[in-house]
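Here is how the chains run, residue by residue.
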Amino acid sequence: MDHAEDRLLLRSQLSDMAQLPCWIGSLASRHGIPKSTEFAINLCLEEAVSNIILHGYGDGVEGSVIVRFTMQQPDLFTFVIEDDARRFDPLDRPLLDSGRTVRVGGQGIHFLREFAEDLKYEVTATGNRLRIVFSAANSAT
Amino acid sequence: MGITTEELAGGITKVILDGRLDIENSPAVDTRMKAIADGGNSVLVDMQNVSFLGSMGLRALVAPALAIRGRGGKMVLFGPNDLVARVLRVSGIETMIPVHHEMQNALDALQ
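Model, not experiment: these values are computed from the prediction. (Residues numbered from 1 in each chain as written. Chains lettered and ligands numbered in written order. Predicted model: local features only at pLDDT ≥ 70, side-chain atom pairs only at ≥ 80, totals over all residues.)

## What about the overall build of chain B?
The condition is simple: Put simply, DSSP marks the helices as runs of H or I at least four residues long and the strands as runs of E at least two long, and each gets a number from the N terminus on. Note that contacts rest on C-beta atoms placed from the backbone: two residues are in contact if these are within 7 Å.
Looking only at helices and strands, chain B has four helices and five strands in total. Taken from N to C terminus, the helices and strands of chain B fall in the order β-β-α-β-α-β-α-β-α. In terms of overall dimensions, chain B has C-alpha extents of about 30 × 25 × 25 Å along its principal axes. A fraction of 71% describes how many contacts in chain B between residues 6 or more apart in sequence connect residues 24 or more apart.

Spelled out as structure tokens, the structure:
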């Protein structure tokens with residue numbers, strides 16, 4: 001079966017995030033995504049989606065998060081995350097300083113920059129769109 | 001996520017984590033680690049079987065480490081795989097909680 005695009009629809013509840021690892025695992029299996037890249041995808045999507053639920057929507061606000069996967073080239077894996085939450089640019093955050101003052105909060109944005117090949121944020125008519133590209137070539141440790 | 005403990009010689013508590021330290025499992029780990037941190041001053045967290053570590057999982061490690069250190073104790077991490085080790089490195093957590101890949105070195109660090 002040829003899947004040109006895969007998508008996962010989540011409610012704005014942290015409990016729905018339990019679907020992510022299995023969905024990503026299924027994509028990895030079908031598309032030959034290396035383990036290190038699969039790890040990076042899990043890491044970045046967990047950060048990005050949890051931020052949308054916790055900060056974009058906030059407590060008790062009903063909404064949805066759609067994650068779409070496409071693969072235009074054999075070793076580039078693109079995920080687009082869309083929501084209807086208030087405007088929140090996850091890339092508009094400073095990098096951790098090189099002196100590495102350790103903060104446990106705020107690590108998510110740092111992980112996105114470190115583990116993804118490319119990031120792009122856009123405002124949509126109803127919310128936010130974050131595109132994250134992973135490269136099989138650059139996900140190794 | 002499996003969490004088991006072992007008491008080693010020298011008053012060292014070994015915590016063995018097995019599974020994903022992700023947003024789903026981290027709250028349970030957090031609760032258990034806090035209890036362990038309350039009771040021990042020398043803690044070795046065996047991460048050989050941790051297959052994933054996200055930022056929520058990091059919190060579950062940092063909080064007990066700070067509590068233990070605040071009492072003059074020590075906590076170390078042992079045996080993360082390369083991917084988990086990269087998360088620890090990139091986050092800077094390894095500057096706060098020592099990471100060892102040889103068990104004897106981890107045990108020595110707790111003396």
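Next comes the rest of the write-up.
## Observations concerning the sheet that holds strand 3 (residues 76–83) of chain A
Strand pairing in a sheet relies on backbone hydrogen bonds. The paired strands run either parallel or antiparallel. Residues and elements named next belong to chain A. To keep things clear, this is the line we draw: By the convention used here, strands pair only if DSSP detects at least 2 bridges between them. Helix axes use the C-alpha atoms of the stretch in contact, all axes being lines fitted to C-alpha atoms, and the angles between their N-to-C directions lie in the range 0 to 180 degrees.
Across the sheet, which stays open at both edges, the five strands sit in the order 1-2-3-5-4 with antiparallel pairing between neighbours. Two strands lie at the open edges of the sheet, namely strand 1 (6–11) and strand 4 (118–123), each paired on one side alone. For this sheet, the mean angle separating the axes of adjacent strands, direction not counted, is 15°. Summarising the sheet, strand 3 and strand 5 (residues 128–135) pair through eight bridges and their orientation is antiparallel. In the strand pairing of strand 5, E82 is matched with R129.

## Comments concerning the sheet that holds strand 1 (residues 2–8) of chain B
Residue and element names in this part refer to chain B. Within the open sheet, the five strands sit side by side as 1-2-3-4-5. Their pairing is mixed. Bordering the open sheet on either side are strand 1 and strand 5 (99–100), each of which pairs with just one other strand. Taken together, the five bridges between strand 3 (residues 42–53) and strand 4 (residues 74–78) define a ladder with parallel strand orientation. Bridge assignment links L44 to a residue of strand 4, and that residue is V76.

## Focus: the nonpolar core
The condition is simple: Any nonpolar core is a set of buried residues, restricted to Ala, Val, Leu, Ile, Met, Phe, Trp, Tyr and Cys, that join up through C-beta atoms within 7 Å. Exposure classification rests on a simple neighbour count of other C-beta atoms within 10 Å of a residue's own: a residue reaching 20 or more is buried, one at 12 or fewer is exposed, and one in between is partly exposed. C-beta atoms are placed from the backbone.
With 65 residues, the main nonpolar core has A:C44, A:L45, A:A48, A:V49 and B:V45 as its most contacted residues. If one sorts the elements of this core by residue count, helix 2 (residues 35–57) of chain A sits on top with 11 residues. Setting aside its immediate chain neighbours within four residues, B:V45 contacts B:V15, B:L17, B:L61, B:M75, B:L77 and B:F78.

## A look at the environment of A:D75
Within the secondary structure layout, A:D75 lies in the loop between strand 2 (64–73) and strand 3. Separated by 22 residues in sequence, A:D75 and A:I53 place their C-alpha atoms 29 Å apart.

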